[in-house]
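# What the coordinates show
This is what each chain is made of:
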Amino acid sequence: MFYTASCEKNSNLFSKIQKLKEEKNAIILAHYYQDSSIQDIADYLGDSLGLARKAAATNAKVIIFAGVHFMAETAKILNPDKLVLLPDIEAGCSLADSCPPETFLKFKKAHPNYLIISYINCSAAIKAMSDIICTSANAVDIIKKIPADQPILFAPDQNLGRYIMRETGRELLLWPGSCVVHETFSEKKILQLRTEYPQAQIIAHPECEPSILQYADYIGSTTALLKYIQKNTCKTFIVTTETGILHQMRKSCPDKLFLSAPTLSGCSCNECPHMRLNTLEKLYTSIKNTSPEITLTDMIVKKAINPIERMLQLSS
Ligand code: 13P
Ligand code: SF4
């Protein structure tokens, strides 16, 4: 009964959102960690790199960004004259918050000869202080393109930084930030689960800690993980990232089994509390009222666009 009512409610909202989208010439860009109803209505669904590329290419007048603040900011930096909406303006990111601009500026000044490569999961102010931006999809390739004698400061994710060091053999100076979602997986419980499903492959996002990544059969961005399970003949996967990605995995491979990796608390429901602040209702209200809007100063946009464009050029 509840299920029917909620499906009906979603379908009403779907048609209202579609209508408003056409009226306002709007596009919905969504990340895989969004609620499945938002994923289902999105015009484009992707990882941070795909979303940045799509934001750079769109002709729509309004971008509704179903993701978190730093992602919507990136879309705004790429489209300063467009209206960029975030359904819940409080949808932040623990990783971006772990790198406050004032403290980072001091760190940067203390290391003047370093090239600053920042993971896209940071605020616009940090992007403005960086030389190149990267995502989990292109970080290793971008670092490999930097001359070997150039010292690199990598911020803000120390786990992704350690993974890059492992893959490239390069020393990086790391900012000590991390993501709450990817730090809560339990090594012990994941190994127990693999004992129950001995044929299962462990796939993981590089924001996980090295103690987890050491067991992964495959490591990649959300889009890379999705492509991997589609191509691989294995039938069971232990998925070590936010559970939102399971919606697309199950949709694209209904004959395969996807187990969400267990966390330290024992639950297998590792949702990002920031991403999940967006709901279908808030998305509807946001497009209806064309608010809340992302705003940035001209100075920040001017400084932050260069490292983002460098990333897009280096990974085209
Ligand atoms: P990607 O989708 O780019 O892999 O990023 C994951 C993430 O944590 C986004 O916040
Ligand atoms: Fe930030 Fe982690 Fe949530 Fe991604 S999953 S938005 S990195 S807190």
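Counting of residues starts from 1 at the beginning of each chain's written sequence and follows it residue by residue. Here chains are named by letter from A upward and ligands by number from 1 upward, in the order in which they appear as written. Reporting of local features is limited, given that this is a predicted model, to residues whose pLDDT is at least 70; pairs of side-chain atoms are given and counted only at 80 or more, and all residues count toward the totals for whole chains, interfaces and linings. The side-chain numbers reported here are obtained from all heavy atoms of the structure, hydrogens and water having been left aside.

So, on to the site of ligand 2. The rule for a residue being near a molecule or strand is that one of its heavy atoms must lie within 4 Å of it. Near ligand 2 the following residues occur: Tyr33, Val68, Cys93, Ser94, Asn121, Cys179, Val181, Glu207, Cys272, His274 and Met275. As a working rule, the residues Ala, Val, Leu, Ile, Met, Phe, Trp, Tyr, Cys and Pro are called nonpolar, Asp, Glu, Lys and Arg charged, and the rest polar, with Gly in that last group. For the shell around ligand 2, the class distribution of residues is 7 nonpolar, 3 polar and 1 charged.

UniProt tags Cys93, Cys179 and Cys272 as "binding site: [4Fe-4S] cluster" (unreviewed entry). What stands out for the annotated residues spanning 180 residues is how close their C-alpha atoms remain, the widest pair being 9.4 Å apart. Residue classification places Cys93 among the buried positions, given a relative accessible area of 12%. By definition, residues are in contact when any of their heavy atoms lie within 4.5 Å. The contacts of Cys93, once residues within four sequence positions are left out, are Phe70 and His274. Exposure classes here rest on a 1.4 Å probe applied to the protein chains alone. A residue is buried below 20% of its type maximum, exposed above 50%, and partly exposed in between. By relative accessible area, which is 10% here, Cys272 ends up buried. For Cys272, the contacting residues outside a window of four places in its chain are Val181 and Glu242. UniProt positions are given in the numbering used here, feature names are shortened, and annotations may be inferred rather than shown by experiment.

Contacts to ligand 1 come from 14 residues, most closely from His31, Ser48, Ser136, His205 and Thr222. Polar contacts here mean pairs of N or O atoms no more than 3.5 Å apart (in protein, one a potential hydrogen donor and the other a potential acceptor; neighbouring residues in sequence count only if both atoms are side-chain atoms). His31 places a side-chain nitrogen or oxygen 2.6 Å from an oxygen atom of ligand 1. Each accessible area value is a Shrake-Rupley result obtained with a 1.4 Å probe; residue values ignore everything except the protein chains displayed when judging cover. For ligand 1, whose free accessible area comes to 300 Å², the fraction covered by protein is 96%. Of the residues that constitute the shell around ligand 1, the class distribution is 5 nonpolar, 7 polar and 2 charged.

Residues enter a nonpolar core if they are buried and are Ala, Val, Leu, Ile, Met, Phe, Trp, Tyr or Cys, with the set joined through side-chain atoms within 4.5 Å. Counting 69 residues, the largest nonpolar core has Phe65, Ile117, Phe154, Ile164, Leu172, Ile238 and Met311 as the members making the most contacts within it. Numbering of helices and strands runs from the N terminus; a helix is a DSSP stretch of H or I covering at least four residues, while a strand is a stretch of E covering at least two. Counting residues per element, this core draws most heavily on helix 4 (residues 69-78), which supplies 6 residues. Here Ile164 is in contact with Ala139, Val140, Ile143, Phe154, Gly169 and Leu172, once residues within four sequence places are set aside. One finds Leu13, Ile38, Ile41 and Cys234 within the second-largest nonpolar core, a separate group that totals 32 residues.

Let's shift gears to the UniProt feature "binding site: iminosuccinate" (unreviewed entry) in the chain. According to UniProt, the feature "binding site: iminosuccinate" (unreviewed entry) maps to His31, Ser48, Tyr119, Ile120, Asn121, Ser136, His205, Pro206, Glu207 and Thr222 in the numbering used here. Position of Ile120 among the secondary structure elements: in the loop between strand 5 (115-119) and helix 7 (124-128). Ile120 has contacts with Ser48, Ala52, Phe70, Thr74, Lys127, Ile133, Cys134, Thr135 and Met311, leaving out every residue within four places of it along the chain. Residue placement: Pro206 occurs in the loop between strand 9 (201-204) and helix 11 (210-213). Filtering out sequence-adjacent residues up to four positions away, Pro206 remains in contact with Ser136, Asn159, Leu160, Tyr163, Leu213, Ile219, Gly220 and Ser221.

Strands are labelled as partners when DSSP assigns at least two bridges between them. Read from one edge to the other, the open sheet built from 4 strands follows the order 2-1-3-4, with strand pairing classed as parallel. This sheet does not close on itself; its edge strands, each paired only once, are strand 2 (44-46) and strand 4 (83-85). Averaged over neighbouring strand pairs, the angle between their axes works out to 20 degrees when direction is ignored. In the sheet, strand 1 (residues 26-31) pairs with strand 2 via 3 bridges, with the strands oriented parallel. Across the sheet, residue Ala30 finds its bridge partner in strand 2, namely Leu45. Strands in contact with helix 3 (residues 48-57) are strand 1, strand 2 and strand 3 (62-66); relative to strand 1, the strand with the most contacts, it is inclined by about 165 degrees. Fitting a line to C-alpha atoms yields each axis, with helices limited to the stretch in contact; the angle taken between N-to-C directions then spans 0 to 180 degrees.

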